[in-house]
Amino acid sequence: MIYEYWFATIAHLSDQKKIFLRQQVGTGKEIYNIEEKKLRKQPYITEKDIQAILEAKKNKNLEKDYLELEKKQLRFIPFYEEEYPDKLKKIATPPYALYVKGSLPDQTKKTAAIVGARNCTRYGEKFAMEYGEKLAQNGVQVVSGLARGIDGAGQRGAINAKGYTCAVLGSGVDVCYPKENRGLYEDIVEKNGGIVSEFCPGTAPLATNFPRRNRIISALSDVILVMEAKQKSGSLITADLALDQGKDVYALPGPVDSVLSQGCNRLIFQGAGVLLSPEFLLEEMGILYNTKEEKTDKNAKELESIEDMVYSRLDLFPKNITSLLKEIKISSDKLLETLVSLEIKGYIKEVSKNYYIKQR
């Protein structure tokens, strides 16, 4: 397997050409030992490709590099291995190999990708987490990119529900990006999830890596859920790739004046499914919703009558004290007292001076 790893890590040789050579020449060891003359006879192999292979043969730390994978508890899975996902083999440009920390998604189970804006709103974050949690409760695996915002919220929801989630990185699997999601990264592995990448361990999260990463996210999934997205974003690239791969795409509708909902609303206009509720989506996927997992609605906790009245007037979009006073016939002092009480209990949040939203 050392020679297979050597071949997989050759820079400037495309995945397609690696797969072709592996099929024409044989094992990684046979490719390593092939005569240059014979290599030049291979169709599609250019002079630049030959030089890349010859340069890679100068690596004197081959065995040491491979053993580092084992030390880091990383697995190397080339495309011809049985464990390599069938869904990836079917796309136009499958990665030659995967590097995995933890476990790959179960190919016999339904899988959904939850993707969206990094700088998301509270609205998008709430629903990303809710969908991640409800899908996981009902046996659906959640795939995303570990990014801040929507990706992380969807994966955190799956973990909260004790479900499976897989993070596909635009860096090496041993490089957590962004750093603030280190806790999520570690929880995914600890909770029997998976961290996956086509990039060699140690690879930095370069901007050019992420569009390539997105095709793996869509390929591993049966449906793609876009929770929030601008008109031009990586999430829409993932959606386009999913459509090319014959996958169903759903989008969360949002306010027409929200920049972060423009991409989702456009997808819906173009024919994407509408995310009305997790229950509706599960029905669309042919999954019977598991009502046994339902707990008492968090928003229906016992509150004092005035607190309940104030809480019911709030939503995910900020509302100010003046508006609340017009809707609820109580004194301003009583309203402020109630708002403080609700915020202490964790039901609401002051997002800016005198503007409040529901927290749960």
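Being a predicted model, the structure only gives us computed values, none of them experimental.

## Brief notes about the overall build of the chain
Moving on, step 1. A count of helical and extended segments in the chain gives 17 helices and twelve strands.
Moving on, step 2. Burial status across the chain gives 48% buried among its 360 residues.
Moving on, step 3. Partitioning the contacts of the chain with sequence separation of at least 6, the portion at a separation of at least 24 is 68%.
Moving on, step 4. For the chain, the accessible area works out to roughly 18200 Å², and carbon and sulfur atoms hold 49% of it.
Moving on, step 5. Of the side chains in the chain, 53 bear a positive and 49 a negative charge, and the two mean positions are spaced by 4 Å.

## Side note on the pairing of strand β4 (residues 141-144)
Moving on, step 1. Burial along β4 is two-sided: the residues Gln141 and Val143 and Val142 and Ser144 are all buried.
Moving on, step 2. Where strand β3 (residues 111-115) meets β4, three bridges bridge the pair, whose relative direction is parallel. Within β4, the residue paired with Ala112 across the bridge is Val142.
Moving on, step 3. You can see the chain leave β3, run along helix α8 (residues 122-137) and come back into β4, and the turn it takes is right-handed.
Moving on, step 4. Examined bridge by bridge, β4 and strand β5 (residues 165-168) share three bridges and lie parallel to one another. Its bridge partner being in β5, Val142 is matched across the sheet by Thr165.

## Overview of the nonpolar core
Soluble globular proteins tend to pack their nonpolar side chains together in the buried interior.
Moving on, step 1. Counting residues in each nonpolar core, the largest one holds 66 residues, and the members touching the most others are Trp6, Leu21 and Val226.
Moving on, step 2. Grouped together as the second largest cluster of nonpolar side chains are 26 residues, Val142, Ala161, Met227 and Leu252 included.

## Describing the packing of aromatic side chains
Moving on, step 1. Considering all chains together, one arrives at 14 aromatic pairs under this definition.
Moving on, step 2. On the numbers, 5.4 Å between centres and 90 degrees between planes, the contact of Phe7 with Tyr96 is edge-to-face. Linking Phe7 in helix α1 (residues 2-8) with Tyr96 in the loop between α7 (86-89) and β2 (97-102), this pair joins segments that are 89 residues apart in sequence.
Moving on, step 3. Among the residues examined, Phe7 registers a relative accessible area of 0% and is labelled buried.

Calculation criteria
- Along each chain, residue indices are assigned from 1 in the same order as the chain's sequence is written.
- Only residues with pLDDT of at least 70 are given local features in this predicted model, and only at 80 or more are side-chain atom pairs given and counted; all residues enter the totals for whole chains, interfaces and linings.
- Side-chain metrics rest on all non-hydrogen atoms present in the structure, leaving aside hydrogens and water.
- Helix and strand assignments follow DSSP, with helices taken as H or I runs no shorter than four residues and strands as E runs no shorter than two, numbered in order from the N terminus.
- Think of it in three bands: residues with accessible area under 20% of the maximum for their type are buried, residues over 50% are exposed, and the middle band is partly exposed, with areas taken using a 1.4 Å probe on protein chains only.
- Pairs of residues are marked as contacts when any of their non-hydrogen atoms sit within 4.5 Å.
- Note on areas: Shrake-Rupley with a 1.4 Å probe; residue coverage comes only from the protein chains shown.
- His residues and chain termini do not enter the charge count, which takes Lys and Arg as positive and Asp and Glu as negative.
- By convention, the charge on Lys lies at NZ, on Arg at CZ, on Asp at CG and on Glu at CD.
- Two strands qualify as a pair provided DSSP detects at least 2 bridges between them.
- A clockwise course of the path from the first strand over the helix to the second, judged with the strands pointing away from the viewer, identifies a crossover as right-handed.
- Among buried residues, the Ala, Val, Leu, Ile, Met, Phe, Trp, Tyr and Cys ones that are joined through side-chain atoms within 4.5 Å form a nonpolar core.
- Working definition: a ring pair exists when centres of Phe, Tyr or Trp rings (six-membered ring for Trp) sit within 6.5 Å. Plane angles under 30 degrees give stacked, over 60 give edge-to-face, the rest tilted.

Everything listed is a geometric property; what it means functionally is a separate question.
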